[in-house]
Amino acid sequence: MSSHPSTRPAPGDRRPVTLPDLALAKAEGRPVVMVTAYDFPSARAAEEAGVDVVLVGDSGAMTVLGLPSTVGVEVEEMLVLARAVRRGLAAPLLVCDLPFGSYEASDAQAVTTAVRFVKEAGADAVKLEGGSITPLSRVRAILAAGIPVMGHVGLTPQTATALGGYRAQGRDAVTARRIMDEALALQQAGCFSVVLEAVPSQLTELLAPRLDDTLVIGIGAGPATDGQVLVFHDLLGIREGRGARFVQRYADLQDAMTAGVRAYAEDVRARRYPGPEHGYSMSADQLSALRDDLPRVT
Ligand SMILES: Nc1nc(=O)c2c([nH]1)NC[C@@H]1CN(c3ccc(C(=O)N[C@@H](CCC(=O)O)C(=O)O)cc3)CN21
Ligand SMILES: CC(C)C(=O)C(=O)O
Ligand SMILES: [Mg+2]
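Remember, it's a predicted structure, so these values are computed and weren't measured experimentally.

Engineer: I'd like to hear about the overall build of the protein, residue by residue, with values.
Structural biologist: In terms of regular secondary structure, the protein is built from 12 helices and 8 strands. Taken along the three principal axes of its C-alpha coordinates, the protein extends 85 × 45 × 40 Å. In the protein, 58% of the contacts between residues at least 6 apart in sequence involve partners at least 24 apart.

Engineer: So what about the pairing of strand β1 (residues 32–36)? Which residues, and what values?
Structural biologist: Extensive coverage of β1 is indicated by the burial of 5 of its 5 residues. On β1, burial covers both faces: V32, M34 and T36 on one face and V33 and V35 on the other are all buried. Pairing of β1 with strand β2 (residues 53–56), which is carried by 3 bridges, proceeds in the parallel orientation. By the bridge assignment for β2, V35 is matched with V54.

Engineer: Report on the packing of helix α4 (residues 75–88) against helix α5 (residues 107–121), specifying residues and quantitative values.
Structural biologist: Running from N to C, α4 and α5 cross one another at 35 degrees; their axes reach a closest spacing of 9 Å. As α4 packs across α5, the resulting crossing turns out to be right-handed. Only T113, R116, F117, E120 and A121 of α5 make contact with α4, whose side of the interface consists of V75, L79, A82, R83 and R86. Residues that form the contact of α4 with α5 fall into these classes: 5 nonpolar, 1 polar and 4 charged.

Engineer: Please set out the site of ligand 1 residue by residue, giving values where relevant.
Structural biologist: The environment of ligand 1 is formed by 17 residues, the closest being P157, Y166, R167, V231 and A244. Taken together, the elements giving at least two residues each to the shell around ligand 1 come down to α3 (60–63) and α10 (232–235). Across the shell around ligand 1, the residue classes tally to 8 nonpolar, 5 polar and 4 charged.

Engineer: So, the environment of V247: which residues are in play, and what are the values?
Structural biologist: Assignment of secondary structure puts V247 in the loop between α10 and α11 (253–269). C-alpha separation for the pair V247 and L230, spaced 17 residues apart in sequence, amounts to 7.3 Å. The contacts of V247, once residues within four sequence positions are left out, are L230 and D234.

Reading the values: the criteria
- Residues numbered from 1 in each chain as written.
- Chains lettered and ligands numbered in written order.
- Predicted model: local features only at pLDDT ≥ 70, side-chain atom pairs only at ≥ 80, totals over all residues.
- Helix = DSSP H or I, 4+ residues; strand = E, 2+ residues; numbered from the N terminus.
- Contact = placed C-beta atoms within 7 Å.
- Buried ≥ 20, exposed ≤ 12 C-beta atoms within 10 Å, placed from the backbone.
- Pairing = 2+ DSSP bridges.
- Axes fitted to C-alpha atoms, helices over the stretch in contact; angles between N-to-C directions.
- Left-handed = near helix turned anticlockwise from the far one by under 90°.
- Nonpolar A, V, L, I, M, F, W, Y, C, P; charged D, E, K, R; others polar.
- Near = placed C-beta within 6 Å.

Printed below as a string of structure tokens:
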């Protein structure tokens, strides 16, 4: 037995995390750890750190593609990120966000998009922003195609304009009740998990005990969840815009990256780099043959 019980198989065991593993973690009260990743090195970090679930979030639109919001990212772009992440993962469950515009039009469109993430990127499950706008038939249609679905309620960034911006949701009784009903409906529709984003901790305390058939993952939803998710770049201090209130920073990699590139630039300008140890050489014979063969410099 590990002294740090986790959902993940024992270190060194490459057995993939399964949905029953996550359900067991919930039943036994072991918090599930989820983090986003967008490329091979971030996936390797998540893998080696032993996280349970990796999300290729559409937040990658902002963190790695530099877009002003998550709205503009294309399925093709998400697939490029997801394939890179897949190559870096062995054990964690891989979930991919369906980007805005790729599942709203019809159940058929939602299934087509979800199938692409499974077939073309090796996703284990897909996530969509559910709630009042997205019909539950989307979830049921994807499930009927055999693909597990994670829901997402509260602050749903793809429709943030309609929610009044990137701000906490469910702070009044009416909105809170609506969010609770949305989460319960997603559970009812068969989501194996639901993300609760930027909602009052009290809402989560009231809601989570009613979500006994679905794994509740929080981000800015307080501690009363089955697990937590954070954006890779936020927790490592790779900066992109202003951080949300719920971000806890565990490193300052943007500063470390800038300092590294600055030191390199200074070394090049001062002719400290490259040094002799970075160069290649040719034998004295070959060098003199070359010299003899060269026309004189005038
Ligand atoms: N890097 C990154 N991390 C994220 O968590 C994230 C993204 N990007 N992009 C899409 C959304 C935006 N996110 C956010 C952004 C801000 C708050 C936030 O705490 N807002 C303040 C008020 C801001 C205001 O009113 O202007 C709040 O107290 O609600 C929450 C979630 C979460 N998502
Ligand atoms: C923050 C998580 C839940 C997300 O949807 C994303 O990263 O896109
Ligand atoms: Mg997302």
